[in-house]
Amino acid sequence: MSKIKCIVAGPRGKMGSEALRLIEKEDSLELAACIDRKHEGELVKNIPGLPDLDGVIYTDAEACLLETEADVLIDLTTPEYGYKHTKLALENGVRPVVGTTGFTEDQLDELKELAEEKQLGAVIAPNFAVGAVLMMQFSKWAAKHFDDVEIIEKHHDQKLDAPSGTAVKTAQLIQEERESHKQGHPDEKETISGARGAEMDGMRIHSLRLPGLVAHQEVVFGGLGQTLTIKHDSYTRESFMSGVKLSAEQVMNFTGLVYGLEHLLD
Ligand code: NAP
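Residues numbered from 1 in each chain as written. Predicted model: local features only at pLDDT ≥ 70, side-chain atom pairs only at ≥ 80, totals over all residues. Heavy atoms only, no water.

1. With respect to the site of the ligand
Not every one of the 23 residues close to the ligand is listed here, only the nearest: Arg-12, Met-15, Arg-37, Thr-101 and Phe-128. A distance of 2.9 Å is found between an oxygen atom of the ligand and a side-chain nitrogen or oxygen belonging to Arg-12. Coverage of the ligand by the protein amounts to 83% of the 920 Å² it exposes when considered alone. For the shell around the ligand, a count of residues per class yields eight nonpolar, nine polar and six charged. (Near = heavy atom within 4 Å. Polar contact = N/O pair within 3.5 Å; in protein donor to acceptor, adjacent residues only side chain to side chain. Areas by Shrake-Rupley, 256 points an atom, 1.4 Å probe, with all protein chains shown as cover. Nonpolar A, V, L, I, M, F, W, Y, C, P; charged D, E, K, R; others polar.)

2. Some words on a negative patch on the surface
Judged by side-chain charge, Glu-40, Asp-60, Glu-62, Glu-67, Glu-91, Glu-105, Asp-106, Asp-109, Glu-113 and Glu-117 come together as a negatively charged surface patch. Elements supplying a minimum of two residues to the negative patch: helix 2 (61-67) and helix 4 (105-118). At five residues, the largest contribution of residues to the negative patch is made by helix 4. Along the chain, the position of Asp-60 falls in the loop between strand 3 (56-58) and helix 2. (Patch = residues over 30% accessible without salt bridge, like charges linked within 9 Å, V, L, I, M, F, W, Y side chains within 5 Å. Salt bridge = Lys/Arg side-chain N within 4 Å of Asp/Glu carboxyl O. Lys, Arg positive; Asp, Glu negative; His and termini not counted. Charge placed at Lys NZ, Arg CZ, Asp CG, Glu CD. Helix = DSSP H or I, 4+ residues; strand = E, 2+ residues; numbered from the N terminus.)

3. With respect to the sheet that holds strand 10 (residues 215-223)
The five strands are arranged 8-9-7-10-11 in an open sheet whose pairing can be described as mixed. Two strands in the sheet have a free side with no partner beyond their single neighbour: strand 8 (198-200) and strand 11 (226-234). For this sheet the average axis-to-axis angle between neighbouring strands, irrespective of direction, equals 20°. Examined bridge by bridge, strand 7 (residues 148-155) and strand 10 share eight bridges and lie antiparallel to one another. By the bridge assignment, Glu-153 is partnered in strand 10 with Gln-217. Those strands touched by helix 5 (residues 130-142) are strand 10 and strand 11, and its axis lies near 165° from that of strand 11. (Pairing = 2+ DSSP bridges. Axes fitted to C-alpha atoms, helices over the stretch in contact; angles between N-to-C directions. Contact = heavy atoms within 4.5 Å.)

Here it is in structure tokens:
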């Protein structure tokens with residue numbers, strides 16, 4: 001079987017560099033090139049701290065996608081650039097595997113349409129950790145039996161978007177089972193703005209940002225005389241890489257946009 005040729009966007013980042021280490025050790029994957037904001041024309045292996053790989057670094061994403069023979073773009077950058085790169089990849093016949101979080105609903109709709117129009121596979125997964133995907137699925141199941149729920153997500157303090165993509169996705173899955181209603185006391189008032197967290201369909205989402213954290217989430221359901229907590233912790237970024245590998249392999253086999261790793265696990 002021929003190797004899947006990957007472009008990695010964000011190779012110096014915490015996730016991007018982990019993706020490079022994945023490519024280095026996986027026989028099914030090969031590095032074609034990288035998209036970065038620095039190091040135009042240099043080889044990955046010459047950048048301190050990055051693995052011994054030959055891919056060329058481009059600072060111009062469009063040039064990279066035009067000039068590189070690639071199957072898949074793995075994007076682990078920022079919401080603004082992740083969206084631009086994903087669009088460019090689809091326009092240039094490259095299948096995106098996107099871990100970057102923070103895309104808007106409108107952007108997701110546009111990318112879905114584009115993937116269909118171009119007849120290409122695409123994966124956008126707010127969380128590549130299999131345990132986190134199971135946490136989301138278990139939460140959807142629990143929502144059939146509990147009306148009230150709050151989500152507490154905790155991430156490192158360099159994260160740009162809040163709430164996390166995983167928290168939003170969890171809330172959306174719960175929404176499919178839960179009847180929309182405002183939670184808490186009908187007359188509750190915040191004495192300090194934001195005390196009750198973000199509101200989505202009456203549910204509350206709380207975002208913690210602290211050094212030392214990686215990616216963690218608790219989904220707390222409350223019922224009469226009981227609570228149920230479903231909790232997942234990613235302690236290192238390696239936890240996300242089996243999902244990246246699975247997505248890069250599977251995206252070659254279907255057309256259209258898949259949002260969420262759970263659709264690939266089944
Ligand atoms: P990070 O360490 O800040 O890495 C982001 C990298 O992207 C940085 O190296 C940054 O370069 C680079 N970058 C910014 N703009 C760029 C551009 N225009 N072209 C190319 N590279 C660019 O962040 P991270 O923790 O790796 O996270 C990256 C993304 O993945 C975030 O959206 C995060 O929420 C998401 N994430 C997803 C999962 C998942 O499982 N799906 C898990 C963890 C994180 P500079 O350093 O020069 O700014």
